[in-house]
Amino acid sequence: MVFLEFEKPLEKLYEQLDKINQIAEDGDIDVSDKVAELEQKIAKRKKEIYSNLTGWQKVQLSRHPERPYTLHYIEGMCKSFIELHGDRAFGDDTAIVGGIGIINDTSVVIIGHQKGVNTKLRQYRNFGMANPEGYRKALRLMKLAERFNMPVVTLIDTPGAFPGLEAEERGQAEAIARNLFEMAQLRVPILCYVIGEGASGGALGIGLGDRIFMMENTWYSVISPESCSSILWRSWDYKEQAAESLKLTPAHMLEFGLIDEIIKEPVGGAHNDKDKIIKTLKSHIKKELNNLASKNIDTLIDERIAKYAKMGEFTVAK
Amino acid sequence: MGWFKRFTDGIQTATKNKKEAPDGLWHKCKSCNETFTFKELKDNFFICPKCDYHNRIGSHDYFDLIFDGKFHLHFEELKSKDFLSFTDLKPYDERLTAAKEKTGLGDAITVAEGKVAKKTLVVAAMDFTFIGGSMGSVVGEKISRGIDLALSLKCPFMIISKSGGARMMESAFSLMQMAKTSAKLTLLAKAGLPYFSFMTDPTTGGVTASFAMLGDVNFSEPKALIGFAGPRVIKETIKKDLPEGFQRSEFLLEHGFLDFIVHRSELQKRMKELMLIFKKDNQTTPTEAQQTA
Ligand SMILES: [Zn+2]
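The structure presented is a predicted model; accordingly, all values stated were derived computationally and were not measured.

A. A look at the overall build of chain A. For chain A, the helix and strand inventory stands at 14 helices and nine strands. The C-alpha radius of gyration of chain A comes to 21 Å, within 12% of the 20 Å expected for a compact globule of 318 residues. Expressed as lengths along the three principal axes of its C-alpha atoms, the size of chain A is roughly 65 × 50 × 45 Å. Within chain A, residue pairs in contact and separated by at least 24 positions form 70% of the contacts whose partners lie at least 6 positions apart.

See the structure below:
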């Protein structure tokens, strides 16, 4: 188990629990009372910690190394899934994965950012930071979905689009812009889920849809708290403050009307019960696709555009 | 010839944003260090007579340059507000007040309607002097309403980009303006109305990654910085020096992201050509063409 800084009080309790269990095993002593007491303590402490997370703590949880990523969800949710590779123009981006599969008897196209589960794979996945060909692969798959009338599900989890030299050469900005343009008119339903980090244009590049959801311990912002700190405070030390100022939590996003719903996670975060969060997501997708299935596609697109057209806060002077 | 008229007839539209200074004042070129009088510079479209450096100019300067003469401003009543109570080193509220005072502008974009080659055009032009031309709710809303205006007038739409990217003080709202503007642009495409995207120095971040790159025709001024990530961020990421001319207009043209580069002195002529070529009464309208296809 990996404990984040604010989870340290839990680490001690878990250590005690381990010790007691060890004693019980070694000496064949009945410790059930003691174990029950400790477990109660842990549950109470968890409730205290996780019900009052700050923006920065949500950011930390969203980056938890044991958190499930796109391929975990796909594997857990799909009866059948075939990953499809490449943008047909330049290459295959490993930071965005996608393919065709069946969830709850419905054929769908699923696309998501992919992070690596260990040091080597983190490199291989470029830390979930996509290049233009990732966004173009995503678009190719969305067009495929449109042709065969399959709904699109996107899973968002990125610290941002990759800010590299080649990414610029190959048109990172154009790739993201094109996706926004095409997704606005895509003639199938689109569901978007923020399952981890929702950083900036790199997240939005596969994030325009009919319904937008955020898991409980995720964030969505125009910029990461670290970069925001470095630009606006001219120092890397204000990331916590930046996270607060950016109001990037799911609760804020819901309050602002920028997302439709928050998906509850197991206590302590999605990684604490992967089976449970996969089941939650699967049944949520089923419910939402059912809701959208009866809609006329032209109406759906009109509503999609109208929803984004409404986003913005300003005053109208007389 | 609005550009010249303004200097011979005096000020037509009062705004502090125009490059106004006594004619005799000296200006040192940022690029070649040569000095010129303000008059020499403005008579040359604020382009350095020696090295061709295109000094940054404001929305109203472009309106004067592009439109046949008169133009009307729209949506000036829309004002940014600090709805998140965002405070970094300075409250956003204070930044807004200071920007308004400094520039005399309502926000980082101004929408105008006028004639080019006697045909109606709606132009949304950005101002870098207003909080770095950053895109917040008002920028998105003015573009959105500008598109609605072009739809109702059945005329082409143009955006002149000049922006450091998103306005961080509006957080996710500023991010969503990328989605909002891109989604609204699809309505122009559906209606068969052309959208011209003109990029000027600098055009970066969320602005490039949304409406700036989505023109039916994408073009820019020479040597403008155009990109997604800023050069400093890229340099820190790859830990290498960036090649000469990286992310400049000529680089984007070479890599296939611009249709052409236009010298500021040729802009008015080029806009007239575009307006004449994209005429409404061409043999088949785009919708008919789609139906027969
Ligand atoms: Zn010069």
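B. The arrangement of the interface of chain A and chain B in detail. Contact with chain A, which involves 45 residues of that partner, is made by 50 residues of chain B. Listed by contribution, the elements that provide at least two residues to the side of chain A that touches chain B are α7 (165–169), α8 (172–185), α9 (200–204), β7 (219–221), α10 (225–232), α11 (239–246), α14 (297–309) and β9 (314–316) of chain A. Ranked by the residues each element gives to the side of chain A that touches chain B, the list is headed by α8 of chain A, at nine residues. Where β9 of chain A meets strand β4 (residues 78–80) of chain B, three bridges bridge the pair, whose relative direction is antiparallel. Each bridged residue has a counterpart across the sheet, and for V316 of chain A the counterpart in β4 of chain B is L78 of chain B.

C. Structural view of the domain arrangement of chain A. Domains assigned within chain A are domain 1 (5–52) and domain 2 (59–309). Taking the mean C-alpha position of each, domain 1 of chain A and domain 2 of chain A sit 36 Å from one another.

D. Region of the structure containing helix α1 (residues 8–27) of chain A. Taking 1.5 Å per residue as the helical rise, α1 of chain A with its 20 residues ought to reach 28 Å, and the 29 Å between its terminal C-alpha atoms agrees with that figure. After α1 of chain A finishes, the residue D28 of chain A shows a positive phi value of roughly 55°.

E. Broad picture of the sheet that holds strand β9 (residues 217–220) of chain B. Residue and element names in this part refer to chain B. The mixed open sheet is built from seven strands, whose spatial order is β3-β5-β6-β7-β8-β9-β10. A single partner strand is all that each edge strand has here, and the edge strands are β3 (71–74) and β10 (260–261). In this fold helix α9 (residues 267–277) packs onto β5 (109–116), β6 (119–126), β8 (195–203) and β9, with an angle of close to 70° to the strand it touches most, β5.

F. Representation of α10 of chain A within the structure. Looking at α10 of chain A, one finds that the buried residues are P225, S227, C228, S229 and L232 of chain A. Those residues of α10 of chain A hidden inside the fold are in contact with α3 (55–62) and α11 of chain A.

G. Local environment of the environment of H72 of chain A. Residue and element names in this part refer to chain A. For H72, the location among the structural elements is in helix α4 (residues 70–77). Overall, H72 belongs to the partly exposed group, with 19 C-beta atoms counted inside 10 Å. Sequence-wise, H72 and D275 are 203 residues apart; in three dimensions their C-alpha atoms are separated by 9.7 Å.

H. How the structure looks around the nonpolar core. Within the largest apolar cluster, 149 residues are counted, with the highest numbers of intra-cluster contacts made by L180 and Y193 of chain A together with V123 of chain B. Here V123 of chain B is in contact with F63, I66, A112, M158 and I160 of chain B, once residues within four sequence places are set aside.

I. Spatial organisation of unusual backbone geometry. All names here are of chain B. Of the consecutive residues D201 and P202, the connecting peptide bond is found in the cis state with omega at -10°. Locating P202 in the fold gives a position in strand β8. Its identity is not glycine, yet N33 carries a phi of approximately 70°, on the positive side. Taking the C-beta count within 10 Å as the criterion, N33 has 9 such neighbours and is therefore assigned exposed. Even without a glycine there, the phi angle at F75 is positive, about 60°. Along the polypeptide, F75 turns up in the loop between β3 and β4.

J. Quick look at the packing of α1 of chain A against helix α2 (residues 32–50) of chain A. All names here are of chain A. Where α1 meets α2, the axes come as close as 10 Å, and the angle between the chain directions of the two elements is 165°. As summarised for this structure, α1 and α2 are arranged roughly antiparallel, according to the angle between their axes. Crossing geometry of α1 relative to α2 is assigned as left-handed. Judged by residue contacts, P9, L10, L13, Q16, L17 and I20 of α1 engage K34, V35, L38, K41, I42, R45 and K46 from α2. Its residues assigned to classes, the contact of α1 with α2 comprises eight nonpolar, one polar and four charged.

Thresholds applied
- Residues numbered from 1 in each chain as written.
- Chains lettered and ligands numbered in written order.
- Predicted model: local features only at pLDDT ≥ 70, side-chain atom pairs only at ≥ 80, totals over all residues.
- Helix = DSSP H or I, 4+ residues; strand = E, 2+ residues; numbered from the N terminus.
- Rg over C-alpha atoms; globule rule 2.2 N^0.38 Å.
- Contact = placed C-beta atoms within 7 Å.
- Pairing = 2+ DSSP bridges.
- Domains from an automatic or database assignment.
- Expected span 1.5 Å × (residues − 1).
- Axes fitted to C-alpha atoms, helices over the stretch in contact; angles between N-to-C directions.
- Buried ≥ 20, exposed ≤ 12 C-beta atoms within 10 Å, placed from the backbone.
- Core = buried A, V, L, I, M, F, W, Y, C linked by C-beta atoms within 7 Å.
- Parallel < 35°, antiparallel > 145°, perpendicular 65-115°, else oblique.
- Left-handed = near helix turned anticlockwise from the far one by under 90°.
- Nonpolar A, V, L, I, M, F, W, Y, C, P; charged D, E, K, R; others polar.

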